[in-house]
Amino acid sequence: MISHEIKIAFDEYESLADLDKADRLLCLEAQKALKNSHSPYSKFRVGAALRLQSGKILHGSNQENVAYPSGLCAERVALFNWGANHPDDPIEAMAVTAHSDEFPIVKPITSCGSCLQVLAECEKKQNQSIKIILHAEDGPVWIIKGIENQLPFLFFEERIATP
């Protein structure tokens, strides 16, 4: 038997005020994206913002549908927008935030497994990692560098991905 250990790493900041200007502004863009969330069933709004290498900002928000699970998470809305419209402009960073009408969000929310898998493929596609900034409304901020710190056993098979 061989025993293996996996370690992940992320940085925690007390608030948005502790971030550099570019990351703080990206978080504010994610908060703006919350306004376009369609979440009448969960009342849990999620906003995402991508900063591309060119400086362009793309937004995404969760979109629910009465025919569950036909909706889509904010992260995938933003990432698929990038893939469909800006695939040659690499993603540098993605900020994600959430708001609930039912309870306060006191710590950063993390992306679901499906969103992490899409993020992994985006990193592969652009051949560079993406900085992920997760933040609560009035709480801490987590900065995670690269998918390997969120999804250490991501699914990727080189033989499938080779054209």
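These remarks concern the structure in this document.

Reading guide: rules and limits
- Residues numbered from 1 in each chain as written.
- Predicted model: local features only at pLDDT ≥ 70, side-chain atom pairs only at ≥ 80, totals over all residues.
- Heavy atoms only, no water.
- Axes fitted to C-alpha atoms, helices over the stretch in contact; angles between N-to-C directions.
- Helix = DSSP H or I, 4+ residues; strand = E, 2+ residues; numbered from the N terminus.
- Parallel < 35°, antiparallel > 145°, perpendicular 65-115°, else oblique.
- Left-handed = near helix turned anticlockwise from the far one by under 90°.
- Contact = heavy atoms within 4.5 Å.
- Nonpolar A, V, L, I, M, F, W, Y, C, P; charged D, E, K, R; others polar.
- Core = buried A, V, L, I, M, F, W, Y, C linked by side-chain atoms within 4.5 Å.
- Buried < 20%, exposed > 50% of the residue type's maximum accessible area, 1.4 Å probe, protein only.
- Disulfide = S-S within 2.5 Å.
- Polar contact = N/O pair within 3.5 Å; in protein donor to acceptor, adjacent residues only side chain to side chain.

With respect to the packing of helix H2 (residues 74-85) against helix H3 (residues 113-126)
Then, number 1: With their axes 9 Å apart at the nearest point, H2 and H3 run at an angle of 25° to one another. Between H2 and H3, the crossing angle belongs to the class labelled roughly parallel. Classified by chirality, the crossing of H3 by H2 is left-handed. Taking contact as the criterion, the partners of Glu 75, Arg 76, Leu 79, Phe 80, Trp 82 and Gly 83 in H2 are, on H3, Ser 114, Cys 115, Val 118, Leu 119, Cys 122, Lys 125 and Gln 126.
Then, number 2: Here the residues of the contact of H2 with H3 are counted per class, giving 7 nonpolar, 3 polar and 3 charged.

Describing unusual backbone geometry
Then, number 1: Here Tyr 68 and Pro 69 are connected by a cis peptide whose omega angle stands at 10°.
Then, number 2: Its identity as a non-glycine residue notwithstanding, Lys 43 has a phi of 55°, on the positive side.
Then, number 3: Tracing the backbone shows Lys 43 in the loop between helix H1 (21-33) and strand S2 (44-52).
Then, number 4: In this structure, Asn 127 takes a positive phi of about 60° despite not being glycine.
Then, number 5: In this fold, Asn 127 is placed in the loop between H3 and strand S5 (131-135).

Some words on the nonpolar core
As a rule of thumb, nonpolar side chains are buried together in soluble globular proteins.
Then, number 1: Grouped together as the largest cluster of nonpolar side chains are 28 residues, with contacts concentrated most on Leu 50, Leu 79 and Met 94.
Then, number 2: Where this core is concerned, the elements lending two or more residues are S2, H2, strand S4 (91-100), H3, S5 and strand S6 (141-145).
Then, number 3: Here this core gets 5 residues from one element, more than from any other, and that element is H3.
Then, number 4: Not counting residues within four places of it along the chain, the set of residues in contact with Met 94 comprises Leu 26, Ala 49, Leu 50, Glu 75, Leu 79, Leu 119, Ile 130, Lys 131, Ile 132 and Ile 133.
Then, number 5: Membership of the second largest hydrophobic core comes to 11 residues, among which are Cys 27, Ala 30, Ala 95 and Ile 143.

Regarding the environment of Ala 49
Then, number 1: Relative to the assigned elements, Ala 49 resides in strand S2.
Then, number 2: Counting along the chain gives 48 residues from Ala 49 to Thr 97, while the straight-line C-alpha distance between them is 9.2 Å.
Then, number 3: Among all residues touching Ala 49, those that are not within four sequence positions of it are Leu 26, Glu 29, Ala 30, Ile 57, Leu 58, His 59, Ala 93, Met 94 and Ala 95.

Topic: the state of the cysteines
Then, number 1: Here the structure, examined in full by the defined rule, presents 0 disulfides.
Then, number 2: No disulfide involves Cys 112; its sulfur sits 3.7 Å from the nearest other cysteine sulfur, which is in Cys 115.
Then, number 3: A residue is classified by how much of its surface remains accessible, and Cys 112, at 31% relative accessible area, is partly exposed.
Then, number 4: A relative accessible area of 2% places Cys 115 in the buried class.

Here we look at the side chain of Arg 51
Then, number 1: With respect to the element layout, Arg 51 can be found in strand S2.
Then, number 2: Residue Arg 51 is classed as buried on the basis of its relative accessible area of 14%.
Then, number 3: At 3.2 Å, the side chain of Arg 51 and the backbone oxygen of Ala 22 are in polar contact.
Then, number 4: Apart from the residues within four sequence positions on either side, Arg 51 is in contact with Ala 22, Asp 23, Leu 26, Lys 56, Ile 57, Pro 90, Ile 91, Glu 92 and Ala 93.

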